[in-house]
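# Working through the structure, step by step
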Amino acid sequence: MPRVGLNQQTVVREAARLADEVGFQQLTLAALASRLGVALPSLYKHVRGADALVQKLAALATAELATVMTTAAVGRSGGDALRAMADAYRDYALRHPGRYPATQRVPDPADAEHVEAGERAVGAIFAVLRGYGLTGDDAVDATRALRSALHGFVTLEAAGGFGLPRDVDRSYHQLVASMDISFRSWPGTRQGADQQERDWRP
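Residues numbered from 1 in each chain as written. Predicted model: local features only at pLDDT ≥ 70, side-chain atom pairs only at ≥ 80, totals over all residues. Heavy atoms only, no water.

### What to know about the nonpolar core
Just so we agree on the cut-off: The criterion is simple. A nonpolar core is a set of buried Ala, Val, Leu, Ile, Met, Phe, Trp, Tyr and Cys residues joined through side-chain atoms within 4.5 Å. Residue burial is assigned from relative accessible area. The probe radius is 1.4 Å, only protein chains are included, and a residue is buried under 20% of its type maximum, exposed over 50%, and partly exposed in between. Going along the chain from the N terminus, every DSSP run of H or I of four or more residues is numbered as a helix, and every run of E of two or more is numbered as a strand. Here, residues are in contact when the closest pair of their heavy atoms is within 4.5 Å.
One finds Leu82, Met85, Leu146 and Phe183 to be the most contacted residues of the largest nonpolar core, which totals 35 residues. Of all the secondary-structure elements, those providing two or more residues to this core are helix H4 (50–73), helix H5 (78–95), helix H6 (112–130), helix H7 (136–158) and helix H8 (168–184). The greatest single-element share of this core, amounting to eight residues, is contributed by H7. If we ignore the near neighbours within four places in the chain, the residues touching Phe183 are Leu82, Leu129, Tyr132, Leu134, Ala142 and Leu146. Core analysis: the next-biggest nonpolar cluster, separate from the first, contains 20 residues, Ala15, Leu36, Leu57 and Ala102 among them.

Here it is, written out as structure tokens:
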């Protein structure tokens with residue numbers, strides 16, 4: 001019998017907390033079962049297996065990231081919105097080093113919650129980019145560029161990859177400032193209707 005009060009939501013949220021403590025790659029069903037005080041087979045009543053757990057963790061983390069980005073950008077535009085959103089993105093990645101990597105997982109079309117979370121995350125970026133006049137294919141390209149820049153920075157930072165004697169905060173702010181300049185002089189065609197991407201989805 002499953003532990004009283006244990007359900008999928010509880011399992012996934014505890015998995016997220018455990019991942020932040022031990023690291024995404026060290027998150028296992030066995031470790032989670034021990035954390036919850038249940039036998040390993042009991043978890044299969046709530047998640048089908050390790051990949052299903054990661055899928056649900058990805059949906060949770062992506063939804064959280066979408067919320068913090070959207071909240072940060074509300075009421076702002078242009079460079080102010082970009083800086084606020086980028087700061088929120090970095091803060092989330094550093095506060096949740098275990099669950100953040102799961103946000104990079106491509107949503108499973110069969111998981112409505114994950115698809116919705118991915119759409120909200122991309123929608124937050126698209127909303128900021130509209131302030132630069134970027135829509136359609138240009139917005140997709142710009143979103144991919146922004147995600148690549150921010151994800152690359154926070155991943156290197158989390159891994160201790162910056163060793164030069166230069167303030168890391170300043171370097172991050174310079175990165176975001178360079179994206180602001182890039183978006184204000186974007187070399188795209190500005191053609192095509194707005195499209196819904198599917199890789200987080202750009």
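Here the narrative resumes.
### Considering the packing of H5 against H8
We apply this condition: All axes here are fitted lines through C-alpha atoms, helices being fitted over the stretch that makes contact, and every angle between N-to-C directions spans 0 to 180 degrees. Each angle receives one of four descriptions, namely roughly parallel if under 35 degrees, roughly antiparallel if over 145, roughly perpendicular if within 65 to 115, and oblique otherwise. Crossings are assigned a handedness: left-handed for a near helix turned anticlockwise from the far helix by less than a right angle, right-handed for a clockwise turn. Residues are grouped as follows: Ala, Val, Leu, Ile, Met, Phe, Trp, Tyr, Cys and Pro are nonpolar; Asp, Glu, Lys and Arg are charged; all remaining types, including Gly, are polar.
For the pair H5 and H8, the least separation of the axes is 10 Å and the interaxial angle reads 140°. Comparing the axis directions of H5 and H8 gives the class oblique. Note that H5 runs across H8; the crossing there is right-handed. Only Val168, Asp169, Tyr172, His173, Val176, Met179, Asp180 and Phe183 of H8 make contact with H5, whose side of the interface consists of Gly79, Leu82, Arg83, Ala86, Asp87 and Arg90. Looking at the contact of H5 with H8 residue by residue, the class counts come to seven nonpolar, two polar and five charged.

### What about the pattern of salt bridges?
As a reminder, the rule being used: Just to be clear on terms, a salt bridge is a Lys or Arg side-chain nitrogen sitting within 4 Å of an Asp or Glu carboxyl oxygen.
Across all of its chains, the model carries 14 salt bridges by this definition. For Arg83, the salt bridge identified is with Asp80, shortest N-O distance 2.7 Å. Pair noted here: Arg83 and Asp80 are both in helix H5, with a separation of three residues, about one helical turn. Here Asp80 falls in the partly exposed class, since its relative accessible area comes to 44%. Between Arg90 and Glu157 there is a salt bridge; the shortest N-O distance is 2.7 Å. Of this pair, Arg90 sits in helix H5 while Glu157 sits in helix H7, placing them 67 residues apart in sequence. When its relative accessible area of 19% is taken as the criterion, Glu157 is described as buried. The network of salt bridges with common partners includes Arg13, Asp20, Glu64 and Arg99.

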